[in-house]
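Listed below are the residues making up each chain.
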Amino acid sequence: MNSRRLFAATAAAAMLGSALIGAAPANASAGADTGASASYNGAKTVHTHAKLRQLNKSGVSGKAHVTVKGNKLNVTMDASGLLRKAPHAVHIHYGEQARNECPTLRDDTNKDRRLTTLEGVPAYGPVAVSLTTKGDTSPASALAIDRFKTAPKGKIHYHRHDIRTDKSVAQGIRDGDAVVVVHGVDHNHNGVYDFSAGKSDLDPKLPAEATNPAACGVLRR
């Protein structure tokens with residue numbers, strides 16, 4: 001991977017974590033499910049789905065399926081149209097004070113017609129679960145860029161089971177108030193994160209492309 005791209009993505013993820021973790025529920029590490037409800041070993045299993053739609057004209061699309069059983073989650077996600085050979089932070093967001101929906105251009109407070117990470121927080125809330133490939137999945141791992149999927153062909157397939165989460169987050173997912181967000185947008189389609197879209201609102205030393213949200217979907221039963 002281009003060293004400049006990796007540095008930008010890594011630093012951006014760190015800033016993303018520090019900016020968004022604070023408001024998340026204590027011990028949170030959320031998940032969700034798809035469609036129906038079932039009973040298994042005395043615990044109710046709830047299924048939720050999200051259709052991932054592009055933000056920032058990224059061209060990214062996909063779907064997510066999250067199953068909640070007690071405080072454990074099984075997560076499957078597929079996304080395409082991503083910046084190739086670059087890590088993309090992916091999270092489940094949830095916050096009691098958020099609108100628990102995907103942001104729109106109405107959230108574009110500086111009116112530059114691009115949504116930044118912080119502009120989206122009132123809509124989707126803080127990080128509740130970090131969809132890492134191994135190890136911790138709590139908000140504390142929002143910055144763990146070495147444990148997020150990359151997109152070698154512009155696509156990501158993710159599956160992980162038995163992710164533990166906080167009770168309030170699990171309930172938020174069951175209630176349809178959790179949001180899956182994929183980060184990292186190549187605004188000018190030149191194959192790297194650069195400053196064509198300006199500076200990141202998380203750190204002016206970083207390009208906005210490295211931290212801006214690329215796709216979003218609300219988990220619904």
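The structure under discussion appears in the preceding block.
A few points on the structure. Here the structure is a predicted model, which is why all the values come from computation and not from measurement.

What counts, and at which threshold
Residues numbered from 1 in each chain as written. Predicted model: local features only at pLDDT ≥ 70, side-chain atom pairs only at ≥ 80, totals over all residues. Heavy atoms only, no water. 1 Å grid on protein atoms, 1.4 Å probe; cavity = no way out; pocket = protein on both sides within 12 Å on 5 of 7 lines; lining within 4 Å. Points joined across faces, edges and corners; volume = space filled by probe spheres on them. Nonpolar A, V, L, I, M, F, W, Y, C, P; charged D, E, K, R; others polar. Salt bridge = Lys/Arg side-chain N within 4 Å of Asp/Glu carboxyl O. Buried < 20%, exposed > 50% of the residue type's maximum accessible area, 1.4 Å probe, protein only. Helix = DSSP H or I, 4+ residues; strand = E, 2+ residues; numbered from the N terminus. Polar contact = N/O pair within 3.5 Å; in protein donor to acceptor, adjacent residues only side chain to side chain. Disulfide = S-S within 2.5 Å.

**Here we look at the layout of surface pockets**
Here is step 1: The space that makes up the largest pocket amounts to roughly 180 Å³.
Here is step 2: Along the walls of the largest pocket sit Leu 55, Asn 56, Lys 57, Pro 103, Thr 104, Leu 105, Arg 113, Arg 114, Leu 115 and His 187, which together make up its complete lining.
Here is step 3: Here the residues of the lining of the largest pocket are counted per class, giving four nonpolar, three polar and three charged.
Here is step 4: Estimated volume of the second largest pocket: approximately 150 Å³.
Here is step 5: Taken together, the residues of the lining of the second largest pocket sort by class into four nonpolar, five polar and three charged.

**A short note on the pattern of salt bridges**
Where charged atoms of side chains with opposite charge meet at close range, the side chains can pair.
Here is step 1: As enumerated under the stated definition, the model contains two salt bridges in all.
Here is step 2: Across the pair Glu 101 and Arg 99 runs a salt bridge whose closest N-O atoms are separated by 2.6 Å.
Here is step 3: Judged by its relative accessible area of 30%, Glu 101 falls in the partly exposed class.
Here is step 4: By relative accessible area, which is 39% here, Arg 99 ends up partly exposed.
Here is step 5: The residue Asp 107 makes a salt bridge to Arg 99 at a minimum N-O spacing of 3.0 Å.
Here is step 6: Residue Asp 107 is classed as buried on the basis of its relative accessible area of 10%.
Here is step 7: Each of Arg 99, Glu 101 and Asp 107 takes part in one network of salt bridges that share partners.

**Focus on the side chain of Thr 132**
Here is step 1: Inspection of the secondary structure puts Thr 132 in the loop between β6 (127-130) and β7 (155-164).
Here is step 2: When its relative accessible area of 0% is taken as the criterion, Thr 132 is described as buried.
Here is step 3: Of the polar contacts made by the side chain of Thr 132, one reaches the backbone oxygen of Asp 136; its length is 2.9 Å.

**Focus: the state of the cysteines**
Here is step 1: Counted by the stated rule, this structure contains one disulfide.
Here is step 2: Residue pairing for Cys 102: its cysteine sulfur links by disulfide to Cys 216, the two sulfurs lying 2.0 Å apart. Given an S-S torsion of about -95°, the disulfide between Cys 102 and Cys 216 has left-handed geometry. Of this pair, Cys 102 sits in the loop between β5 (90-93) and α2 (117-124) while Cys 216 sits in strand β9 (residues 213-218), and the two are 114 residues apart along the sequence.
Here is step 3: Judged by relative accessible area, which is 22%, Cys 102 ranks as partly exposed.
Here is step 4: Taking the relative accessible area as the measure of exposure, Cys 216 reaches 2% and is therefore buried.

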